[in-house]
Each structure stands twice: as C-alpha cells, then as structure tokens.
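Secondary and tertiary structure notes
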Amino acid sequence: MIALSIIGSGVGSLYASTVLYDVPPAAPFEGDQWYNPYDVRDDRSTRWLKANFHAHSHAWRGLTEGDQSADDVVSAYRRMGYDVIALSNYHTLPPASDTSVFPVYEHGWNISKSHRLVIGAQSVRWRDYPVGQHMLHQQELIEQLRADGAVVAIAHPAMRNGHALASFESLSGYDALEVLNHFLPPAESQWDRALSSGRAVWLLANDDTHDIRGIGETGVHWTLVRAPSAGVADITSAIRAGRTIGVRGHSGHTELEFLSLRMRGDTMELDVRGPIDSVRLVGQAGAVRFAADADTLETRGDTIRVRAVADPRDGYLRAVIIGREPSARAGAPQALYLNPVVRYDGRTLGVSGAVISVQRTAAFRLSVIGLLTAIVAPHVARLGNARARRRQVPVAS
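Description of the structure in this document. (Residues numbered from 1 in each chain as written. Predicted model: local features only at pLDDT ≥ 70, side-chain atom pairs only at ≥ 80, totals over all residues. Heavy atoms only, no water.)

Observations concerning the overall build of the protein chain
Looking only at helices and strands, the protein chain has 6 helices and 23 strands in total. Seen through its C-alpha atoms, the protein chain measures out along the principal axes to roughly 110 × 50 × 35 Å. Counting the 397 residues in the protein chain, one finds 51% classified as buried. Of the contacts formed within the protein chain by residues at least 6 apart in sequence, a portion of 69% connects residues at least 24 apart. Per element, the accessible surface of the protein chain, about 18100 Å² overall, is 54% carbon and sulfur. Of the side chains in the protein chain, 41 bear a positive and 41 a negative charge, and the two mean positions are spaced by 8 Å. (Helix = DSSP H or I, 4+ residues; strand = E, 2+ residues; numbered from the N terminus. Buried < 20%, exposed > 50% of the residue type's maximum accessible area, 1.4 Å probe, protein only. Contact = heavy atoms within 4.5 Å. Areas by Shrake-Rupley, 256 points an atom, 1.4 Å probe, with all protein chains shown as cover. Lys, Arg positive; Asp, Glu negative; His and termini not counted. Charge placed at Lys NZ, Arg CZ, Asp CG, Glu CD.)

Take a look at the structure:
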C-alpha cells in the first residue's frame, strides 16, 4: 500500500505541474480575401513531393512498433518512389548523420492513444500524461512541442477517443491533422470541427504502417507536399503554409491528378484529371455545398473542371475528389483530399494562439497538491506509528 502511495505521488506530481492555457474561443474564419494554399501558378521553383511521415520499424526491443528493420522499411518506400521517408518510432529520432530518413517521431505513451507527430524535430520530449488525459493537458503538450520549432500534427485523432471530438473546437497551436490513416476512416469530422472554429489546420495523409508486408498498410495513404526540396526547412514550411494534398491509392500510386485551384472572387475553380467518380465541396460545420458525379461535371479534353460559388456563411471551403479505381484499403476507392481555402483579412489566418493562464495554473496546482496531501498523509502517519510501535521495549513484569 505504501509503495502504491509513493507511485501515486510521483504520477500526481506530474499532473500537479500542469500548465493551463487560455484558448481562443471558436470563431469562423472571416475576411474579405481568400487564402488559397494552392495559389502557386507563377512558382516554378517548387514541385510536388511524395511523403509519408508515419511509419514504424522494429524498435524498443520489439515491445511495440513495427515488424521490420529500419532499412527494410526505408527500402520499401524508396522502391515506391517516395521523396520524403520518415520512421516515426515512439520518442525516437534517427541519427542526425542519417540524411536518408526525415526526422520525425511519434509523441505519446498514454493509454488513450492521444499521440502527436513531431515533424522536423531535433530532440525528443518525453513529458506526457499516461491516464485521464484532458484537453488542457493536450494543449500544454502541443505548446511544449511547438516551442522546439518542429511541425506538430495530431496523429490518428479518432483512435480510442484519444481526442474528444469537441476538443477540436478549442485546441490550437498545432499545424496539421492526420486526416488519412490506414487504421481508420478519414477524420473529416475532427477536421471540420477545427476549421469551423477558426483553426488553420492543414491535412496530412500517412500509412502508419507497422508491417510493410501487411495488406493495405503500406503505400496506401501519402501526402503530396509542394516544396523546393525534400530538406527539413522546405518541407516544414510547406506544411505550415497548407501546400499539401492527402492521397489514397495503392503501392504509392494513383491515377488521379490535381492540376490547379483558383479563387475568382467567391467562385472556386478546381481542375483535376483522371478516372474520377465524384467531387464534393465541404464548407462550414462540414456542410456539403456541392456534390456531383463525373458525368455531370464540366470537361475540357481530359480535364474535369469544378466551379462553385462559396456560401456567405462559409469561412472555408475544401474539396474531396473520389476516383473510380480501387485503392489498397479494402472498400475505399482512390481519392484526393485538398486543404481548404479560408477567408482572412490578408494578414492573419483564423483565431490567435493559446496563452498561459497564470492564475488558473496556480489555483490548479494548489488544489492538486492539497488532494495529494490528503491522500498520502494518512499512509505516512500509519507508517510512522508502526515504526514507533516497533521501537517500544516491553517492560518486564
């Protein structure tokens, strides 16, 4: 019992040191301009690079992670023509001398699978909350990870309810959301909650493979990144600017091709190519503003054009293109998921970031310390009494 009390005190001290943040209230994107992350018509210095930021190799003596060696995993992605290959083993970075692997690690050792991808990291942070993780803990962890200058992305947001759906109306400061992951359906509900609340969060698509021989695990989801090079600075800057596309295909290949996206006033013009089945445009609160199959869409040669006017109520508008060909994920066709265009004033995208609440932090810490004292003090007293009794010398009669 005493040992359990000591362990509980140690874990309790972790929670007692929590820093609380005031998060900005949910508010739609607004402004008289549109931020379009795909407005790169005159930029010939960049190109689309194929990337996977979430894959696991054998690590931690096989306690968790993947089934194959790091070399085997990297070779598998290299054969599929990937430009950016990452091994996101838990709290582990590749050696700085290994330039063949992009520096990423998966952060989180809690039981609820509330994990983050730390992209472009130079060092590893271990702080986490193993049980009872609340949104306030998640906000603190985001702030600590982003302080190191890396891109912070919430991984598999719907897994085990690691992040409550409502929390995406409040969490801020992270750069991206893993919308596509082979373990789960697309995390569109979480993404739309964040976007509808004025959080400029861009998408990532990753395999999260643990076995490169597993059916439907590798080369299923990937992120196209528009950047000058596969260098850390170029890739992280492009992710933060929203210059990414989420792809679902097979063996790192898709027949679908994104060509361009333009905003002419409040009218979106999207050009795509390939065996397309349907296109839908999603706006505020996840409302479908436009949906059509390929037979009713405008075609120009082998190009399909989608033209739609944004609803005045929409702070953002994003596109999903569904193909006719199957992907490696059972029952799911090939697809392109685009980042949204968002309303803004020409300077700031969405709401401001979270700030430390000194008063709330102090009050919270005092309350936790008081609770720990109330729990531990009786055990300490009993221990002292037991020792006192053992020291007593019996008096001879």
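Brief notes about the environment of V19
For V19, the position within the fold is in the loop between α1 (2-16) and β1 (21-22). What makes V19 buried here is its relative accessible area of 19%. For the pair formed by V19 and T361, sequence separation is 342 residues and the distance between their alpha carbons is 5.5 Å. With near-sequence residues (within four places) excluded, V19 lies in contact with L136, E140, I356, T361 and R365.

Comments concerning the packing of aromatic side chains
Counted under the stated rule, the structure contains 9 aromatic pairs. Ring geometry for F53 against F102: centres 5.9 Å apart, planes inclined by 75°, an arrangement best described as edge-to-face. A residue pair is termed long-range when its members are at least 10 positions apart, and F53 in the loop between β3 (47-52) and β4 (58-59) and F102 in the loop between β6 (84-85) and β7 (104-107) qualify at 49 residues. Accessibility assignment for this pair places F53 and F102 in one class, buried. Through a chain of ring-to-ring contacts, three or more aromatic side chains come together here, namely Y35, W202 and Y344. The lysine or arginine in question, K50, covers the ring of Y82, its NZ or CZ lying 5.0 Å from the ring centre. Of note, K50 hangs over the ring of W222, and the distance from its end group to the ring centre comes to 5.8 Å. (Phe/Tyr/Trp six-rings, centres within 6.5 Å; stacked < 30°, edge-to-face > 60°. Lys NZ or Arg CZ within 6 Å of the ring centre and 35° of its normal.)

Comments concerning a nonpolar patch on the surface
A surface patch of nonpolar side chains, about 370 Å² in accessible area, is lined by W60, W109 and W126. Looking at the element boundaries, W126 is found in the loop between β8 (116-119) and α3 (135-146). (Patch = residues over 30% accessible without salt bridge, like charges linked within 9 Å, V, L, I, M, F, W, Y side chains within 5 Å. Salt bridge = Lys/Arg side-chain N within 4 Å of Asp/Glu carboxyl O.)

Let's talk about the side chain of D208
Structurally, the position occupied by D208 is in the loop between β11 (202-206) and β12 (221-227). Buried charge without a partner: D208 forms no salt bridge, and the closest opposite charge is K113, 7.0 Å away. Ignoring any residue separated from it by four or fewer positions in sequence, one finds D208 in contact with H54, H56, H156, N181, H182 and F183.

Observations regarding unusual backbone geometry
A positive phi is found at S251, a non-glycine position, where the angle reads about 50°. When you line up the elements, S251 lands in the loop between β13 (244-248) and β14 (257-264). The phi angle at A285 is positive, at roughly 60°, despite the residue not being glycine. Relative to the helices and strands, A285 is located in the loop between β16 (276-282) and β17 (288-293).

Concerning the sheet that holds β7
Spatially, β7-β8-β9-β10-β11 is the arrangement adopted by the 5 strands of the open sheet, whose pairing is mixed. A single partner strand is all that each edge strand has here, and the edge strands are β7 and β11. Averaged over all pairs of adjacent strands, the angle between their axes in this sheet comes to 30°, without regard to strand direction. Across 4 bridges, β7 lies against β8 in antiparallel orientation. Its bridge partner being in β8, E106 is matched across the sheet by L117. (Pairing = 2+ DSSP bridges. Axes fitted to C-alpha atoms, helices over the stretch in contact; angles between N-to-C directions.)

Remarks on the nonpolar core
Judged by nonpolar contacts, the single largest core of 37 residues is most densely connected at F258, L261, L270, I321 and L338. Breaking this core down by element, the ones donating at least two residues are α2 (70-79), β13, β14, β15 (267-273), β16, β19 (303-309), β20 (316-326) and β21 (333-338). Non-local contacts of I321, meaning those with residues more than four positions away in its chain, are made with L256, L270, V272, I276, S278, V279, Q334, A335, L336 and L338. Counting 31 residues, the second largest nonpolar core, distinct from the first, contains V118, I142, A150 and I322. (Core = buried A, V, L, I, M, F, W, Y, C linked by side-chain atoms within 4.5 Å.)

Brief notes about the pattern of salt bridges
Enumeration according to the criterion identifies 23 salt bridges in this entry. With a closest N to O distance of 2.8 Å, E169 and R193 form a salt bridge. Within this pair, whereas E169 is found in the loop between β9 (151-154) and β10 (176-181), its partner R193 is found in helix α4 (residues 188-196), the two being separated by 24 residues in sequence. Of the residues examined, R193 reaches a relative accessible area of 31% and is grouped as partly exposed. Taking the shortest distance from any N to any O, the salt bridge between D266 and R343 comes out at 3.8 Å. With D266 in the loop between β14 and β15 and R343 in strand β22 (residues 341-344), this residue pair connects regions lying 77 residues apart in the sequence. The partly exposed category is assigned to D266, whose relative accessible area is 34%. Look at R343 and you get buried, because its relative accessible area is 10%. Put simply, R264, E269, D271, E298, R300, R305 and R307 are held in one network by salt bridges that share partners.

Section: the sheet that holds strand β18 (residues 298-300)
What the 4 strands build is an open sheet, ordered β14-β15-β19-β18; its pairing is antiparallel. The sheet is open, and its two borders are formed by β14 and β18, each paired with just one other strand. This sheet shows a mean twist of 25° between the axes of neighbouring strands, independent of strand direction. Bridge analysis of β14 against β15 gives 7 bridges, and the strand direction is antiparallel.

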